[in-house]
Amino acid sequence: MDSIQKFCSDVEKIKKHARQEGASGEKSVVPQIKSLFVRNFRGLDSLAASFVDYWEETYIRPSTNCAEEPVQENIDRLVAMFSLLEGSTEFTDCLSDDDWKKLCGLTNIESEDLQIDTLNSLMMIFVDKKAL
């Protein structure tokens, strides 16, 4: 099982456990998923936190059905951001042009704290996606 598959599995476990306890999505599930996302990127904690905060602000909070969040479409977006932080464009087709630009901007803000190899890898992806 690769890291993305493990992340998806862990997200499903969080959702299942919270739903069994009767917890709502935005209040219980989303904070746990955000924490899980950041924990997967030691050394990129600040950037990962920025990405997952963007995800929540853009896709979870505006939802008309917050109790059901995250729905699969929004999980897919988070998986895309996970893939990006791993230096891959696999699973990123669901990201919009605005997403790419915002994620690039967040990376620029955090660039001083990133290792040069990581920054170069991410910037190459952003250039390829025309986000710069």
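Read on for an overview of the structure. The structure displayed is predicted, hence computed values, not measured ones.

## Focus on the overall build of the protein chain
A tally of helices and strands in the protein chain yields six helices and zero strands. Mapped in sequence order, the helices and strands of the protein chain form the string α-α-α-α-α-α. The C-alpha radius of gyration of the protein chain comes to 15 Å, within 12% of the 14 Å expected for a compact globule of 132 residues. If one aligns the C-alpha atoms of the protein chain with their principal axes, the spans along those axes are about 45 × 30 × 25 Å. Burial analysis of the protein chain (132 residues in total) assigns 45% to the buried set. Nonlocal contacts in the protein chain, meaning residues at least 24 apart in sequence, comprise 59% of its contacts between residues at least 6 apart.

## Things to note about helix α1 (residues 3–20)
Over its 18 residues, α1 runs 26 Å from end to end, which matches the ideal 26 Å to within 8%, given 1.5 Å per residue. Buried residues of α1: I4, F7, D10, V11, I14, K15 and A18, and no others. Mapping the buried residues of α1 onto a view down its axis gives an arc of 135 degrees, with all of them on the same face. Away from its buried face, by an angle of more than 90 degrees, α1 presents the exposed residues K13, K16 and Q20. Backbone nitrogen of I4 and a side-chain oxygen of the N-cap are separated by 3.2 Å at the start of α1; the cap is D2.

## Comments concerning the packing of aromatic side chains
Applying the stated criterion across every chain, the model contains six aromatic pairs. Ring centres of F7 and F82 lie 4.7 Å apart, and the angle between their planes is 25 degrees; on these two criteria the pair is classed as stacked. Taken together, the residues F7 in helix α1 and F82 in helix α4 (residues 72–85) connect sequence positions 75 residues apart. Seen from their ring centres, F37 and F41 are 5.5 Å apart, and the 50 degrees between their planes marks the pair as tilted. Among the aromatic residues, those joined into a ring-pair cluster are F7, F37, F41 and F82.

## Topic: the pattern of salt bridges
Once their charged atoms are close, side chains differing in charge can pair, the charge on each being opposite to the other. Under the counting rule described, the total for this entry stands at six salt bridges. Put simply, E56 and K34 hold a salt bridge, and the shortest N to O gap is 2.5 Å. Linking E56 in helix α3 (residues 45–60) with K34 in helix α2 (residues 25–39), this pair joins segments that are 22 residues apart in sequence. Classification of K34 as buried rests on a relative accessible area of 17%. Residues E57 and R61 are paired through a salt bridge, measuring 2.5 Å at the closest nitrogen-oxygen approach. Residue E57 is classed as partly exposed on the basis of its relative accessible area, which comes to 43%.

## Examining the state of the cysteines
Under the counting rule described, the total for this entry stands at zero disulfides. The closest cysteine sulfur to the non-disulfide-bonded C94 is located on C8, 11 Å from its own sulfur. C104 takes part in no disulfide bond, and the closest cysteine sulfur to it belongs to C94, at a distance of 17 Å.

What counts, and where the lines are drawn
Residues numbered from 1 in each chain as written. Predicted model: local features only at pLDDT ≥ 70, side-chain atom pairs only at ≥ 80, totals over all residues. Heavy atoms only, no water. Helix = DSSP H or I, 4+ residues; strand = E, 2+ residues; numbered from the N terminus. Rg over C-alpha atoms; globule rule 2.2 N^0.38 Å. Buried < 20%, exposed > 50% of the residue type's maximum accessible area, 1.4 Å probe, protein only. Contact = heavy atoms within 4.5 Å. Expected span 1.5 Å × (residues − 1). Arc of directions from axis to C-beta. Polar contact = N/O pair within 3.5 Å; in protein donor to acceptor, adjacent residues only side chain to side chain. Phe/Tyr/Trp six-rings, centres within 6.5 Å; stacked < 30°, edge-to-face > 60°. Salt bridge = Lys/Arg side-chain N within 4 Å of Asp/Glu carboxyl O. Disulfide = S-S within 2.5 Å.

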